[in-house]
Amino acid sequence: AQSVSQHNHHVILSEAASLELGCNYSYGGTVNLFWYVQYPGQHLQLLLKYFSGDPLVKGIKGFEAEFIKSKFSFNLRKPSVQWSDTAEYFCAVINYGGATNKLIFGTGTLLAVQP
Amino acid sequence: DAGITQSPRHKVTETGTPVTLRCHQTENHRYMYWYRQDPGHGLRLIHYSYGVKDTDKGEVSDGYSVSRSKTEDFLLTLESATSSQTSVYFCAISESTGRAINTDTQYFGPGTRLTVL
């Protein structure tokens, strides 16, 4: 079945540490890729997206992600996290080669940044 | 933030009662979606709409119905609420789900926390 996998369910980091959250998908066709963030008690906000072009995408708040087609991956990175980055992060994919063009979410990664 | 509101924001109800959640947008986007968010499952699509009176099922549509009589409003109804429908419900909108670049991004509303006792 088509799926999106986020292997890190909980990540705890100290401030200034570097962050990398993994995201892998199982689709073989054309994909659009997204990372959303959900701060405690809030709705999902778009961090960044990849549709085409440069596989290294820069988003808001210093986040970036790299699309590696050969590895079916779209990992999220930030060189130095802050306490305010504590949130849940969701990877999501639209697959245009499948039966439907719906957005499929991973199960999320909960990031806790300790001051 | 996209102009999306959801009402109510919180609701507690009893098993067997009907519940309707409302999503309202001011962006005039064609597509609207209802998701539920549960721990360990991420967000799962319940139903979506691709225009007025045009709706289709998502992956977890059992026990839910939707209606869209105006572009700006998308209603989600639980005909007879069950405890398994306790969740946080998010509405989302997008301009399209075609191959048009930059129009397939979904923007989310603030959510409705529903508790079914």
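What comes next is a walk through the structure. (Residues numbered from 1 in each chain as written. Chains lettered and ligands numbered in written order. Predicted model: local features only at pLDDT ≥ 70, side-chain atom pairs only at ≥ 80, totals over all residues. Heavy atoms only, no water.)

**A few points about the overall build of chain A**
The secondary structure content of chain A amounts to zero helices and 12 strands. When the helices and strands of chain A are read in sequence order from the N terminus, they spell out β-β-β-β-β-β-β-β-β-β-β-β. Taking the principal axes of its C-alpha atoms as reference, chain A extends roughly 45 × 30 × 20 Å. Taking contacts inside chain A between residues at least 6 apart in sequence as the whole, the part at least 24 apart equals 56%. Taken as a whole, chain A presents about 5300 Å² of accessible surface, with 54% of it coming from carbon and sulfur. When the 8 basic and 7 acidic side-chain charges of chain A are each reduced to a single mean position, those positions are 8 Å apart. (Helix = DSSP H or I, 4+ residues; strand = E, 2+ residues; numbered from the N terminus. Contact = heavy atoms within 4.5 Å. Areas by Shrake-Rupley, 256 points an atom, 1.4 Å probe, with all protein chains shown as cover. Lys, Arg positive; Asp, Glu negative; His and termini not counted. Charge placed at Lys NZ, Arg CZ, Asp CG, Glu CD.)

**Let's talk about the state of the cysteines**
Residues and elements named next belong to chain B. A complete count under the given rule lists two disulfides over all chains for this structure. Across the disulfide from Cys-23 sits Cys-91; the S-S distance is 1.9 Å. Between Cys-23 and Cys-91 the sulfur-sulfur dihedral comes to about -70°; the bridge is accordingly left-handed. Here Cys-91 lies in strand S9 (residues 87-94) and Cys-23 lies in strand S3 (residues 19-25), a separation of 68 residues in the sequence. Accessibility assignment for this pair places Cys-23 and Cys-91 in one class, buried. (Disulfide = S-S within 2.5 Å. Buried < 20%, exposed > 50% of the residue type's maximum accessible area, 1.4 Å probe, protein only.)

**Structural notes on the pairing of strand S5 (residues 31-38) of chain A**
Residue and element names in this part refer to chain A. With eight of eight residues buried, S5 lies mostly within the body of the structure. Every second residue of S5 is oriented toward a common face, with Val-31, Leu-33, Trp-35 and Val-37 on one face and Asn-32, Phe-34, Tyr-36 and Gln-38 on the other, all of them buried. Relative to strand S10 (residues 87-95), S5 runs antiparallel, the two being bridged by eight bridges. When the sheet's bridge partners are listed, Tyr-36 is paired in S10 with Phe-90. In this structure, S5 lies alongside strand S6 (residues 45-50), joined through five bridges in antiparallel fashion. Bridge pairing links Leu-33 to Tyr-50 in S6. (Pairing = 2+ DSSP bridges.)

**A closer look at the interface of chain A and chain B**
Contacts between chain A and chain B engage 21 residues on the former and 24 residues on the latter. Counting each side, the surface lost to burial between chain A and chain B is near 1800 Å², with a carbon and sulfur contribution of 58%. If you look at where chain A meets chain B, you find zero salt bridges. Along the contact surface separating chain A from chain B lie three residue pairs in polar contact (both at pLDDT 80 or more). Counting only elements with at least two residues in the side of chain A that touches chain B, the list comes to S5, S6, S10 and strand S11 (103-105) of chain A. When residues of the side of chain A that touches chain B are assigned to their parent elements, the largest contribution, four residues, is made by S5 of chain A. (Buried area = accessible area lost by both parts, 1.4 Å probe. Salt bridge = Lys/Arg side-chain N within 4 Å of Asp/Glu carboxyl O. Polar contact = N/O pair within 3.5 Å; in protein donor to acceptor, adjacent residues only side chain to side chain.)

**Things to note about the side chain of Arg-68 of chain B**
All names here are of chain B. The residue Arg-68 is located in strand S7 (residues 64-70) in this model. Within the buried core, Arg-68 has no salt-bridge partner, and the shortest N-O distance to an opposite charge, that of Glu-72, equals 7.2 Å. From its side chain, Arg-68 meets the backbone oxygen of Arg-30 in a polar contact 2.6 Å long. At a separation of 2.9 Å, a polar atom in the side chain of Arg-68 contacts the side chain of Ser-49. Look past the residues within four positions of Arg-68 in its chain and what remains in contact with it is Gln-25, His-29, Arg-30, Tyr-31, Met-32, Ser-49, Tyr-50, Gly-51, Val-52, Lys-53, Asp-73 and Phe-74.

**Some points on the pattern of salt bridges**
Oppositely charged side chains can pair when the atoms bearing their charge come close. All names here are of chain A. Considering all chains together, one arrives at eight salt bridges over all chains under this definition. Arg-77 is paired through a salt bridge with Glu-66; the nearest N and O atoms lie 3.2 Å apart. Taken together, the residues Arg-77 in strand S9 (residues 73-78) and Glu-66 in strand S8 (residues 64-68) connect sequence positions 11 residues apart. The class for Arg-77 is partly exposed, based on a relative accessible area of 22%. The exposure class of Glu-66 is partly exposed, given its relative accessible area of 29%.

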